[in-house]
Amino acid sequence: MISGIGIWALFFGVWVTASGLGLVNDLLVPAPQKVFATTWDLFFARDFGGDVLISIGRVLAAFGMACAVAVPLGVMMGAFPWIEAIFAPFVSAWRYLPAPSFIPILLMWFGTGEAPKLALLFIGVIFFLITLIMDHTKTVREELVETALTLGANPRTVVLRVIFPSVLPDIVTAMRQMLAMAWTYLVIAEIVASTTGIGAMMMRARRFLNTDEILSGIIVIGALGLLFDLAFATLHRLAFPYLRTR
């Protein structure tokens, strides 16, 4: 905890010192106190909170849709080699395609509303999440599956009562990791034909060389990402307390 606070203190200390000594251009790298003052103004004088809530909604909606597909498919691919043989070549190929390259076609398909933004976030997350869940599912101890089959369980029961509960802690960890990926694609999703959201605010600021507003947006995204990461860590700790005592 102390070391974590210390590295942030060092970071801001270097930033303040560089700004105070004139080592950086104030237009390009404004002082941290100016950035924090701008952040305060954005929230309490310019309704930036509404943009933040819109961005959070987009991330959660797209991430929820990705999880709804990736969790059952990833578990089934990890549990049954024949399902992996069908889907793995498709998933692996899409995993190497950069999500931003889909922006032109998504705009042609869905227009300039919410759909292309959600689709971009969805594409950026789902294929990596499927792969992570599949790999975690393969690590379930074979003796657990063999014992269930010996006792007369059918494949459906083995998946629902043995494999899924065993891999669930790792699924939550994979979701925590990939939620960070969704946040990294947020600005890309919002800079294209968007008037709302954190990314849209940052693009408006770029137009008028308001670097302090851009840095405010970056700080807000980082803070939101940290809060969601801590929320997932807390959920994991509360839902699976036996992992701490193991």
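Residues numbered from 1 in each chain as written. Predicted model: local features only at pLDDT ≥ 70, side-chain atom pairs only at ≥ 80, totals over all residues. Heavy atoms only, no water.

Engineer: Please clarify how the confidence of the model for the protein should be interpreted in this entry.
Structural biologist: The predicted structure's coordinates, where accompanied by low pLDDT, should not be read in detail. Across the protein, the average pLDDT comes to 89, with 97% of residues at or above 70. At the level of individual helices and strands, the protein shows its lowest average pLDDT in helix 11 (residues 242-245), which scores 74, and its highest in helix 3 (residues 48-79), which scores 95. (pLDDT = per-residue confidence, 0-100. Helix = DSSP H or I, 4+ residues; strand = E, 2+ residues; numbered from the N terminus.)

Engineer: Would you mind going over the UniProt feature "transmembrane region" (unreviewed entry) in the protein with me for this structure?
Structural biologist: Following the UniProt record, the feature "transmembrane region" (unreviewed entry) maps to residues 59-82, 94-112, 118-134, 182-202 and 214-240 here. Across residues 94-112 one finds 53% helix and 0% strand; the C-alpha atoms that close the span lie 24 Å apart. For the annotated span residues 118-134, helix accounts for 100% and strand for 0% of the residues, and the straight-line distance between the end C-alpha atoms is 24 Å. (UniProt positions renumbered as here; feature names shortened; annotations may be inferred.)

Engineer: How should the packing of helix 3 against helix 4 (residues 81-95) be read in this particular structure?
Structural biologist: When two helices pack together, their arrangement is given by the angle between the helix axes and by the axis-to-axis distance. Where helix 3 meets helix 4, the closest approach of the two axes is 5 Å, and the angle between their N-to-C directions is 120°. Relative to helix 4, helix 3 is oriented oblique. Contact residues: helix 3 offers L73, M76, M77 and A79, while helix 4 offers P81, I83, E84, F87 and A88. Counted by class, the contact of helix 3 with helix 4 contains 8 nonpolar, no polar and 1 charged residues. (Axes fitted to C-alpha atoms, helices over the stretch in contact; angles between N-to-C directions. Parallel < 35°, antiparallel > 145°, perpendicular 65-115°, else oblique. Contact = heavy atoms within 4.5 Å. Nonpolar A, V, L, I, M, F, W, Y, C, P; charged D, E, K, R; others polar.)

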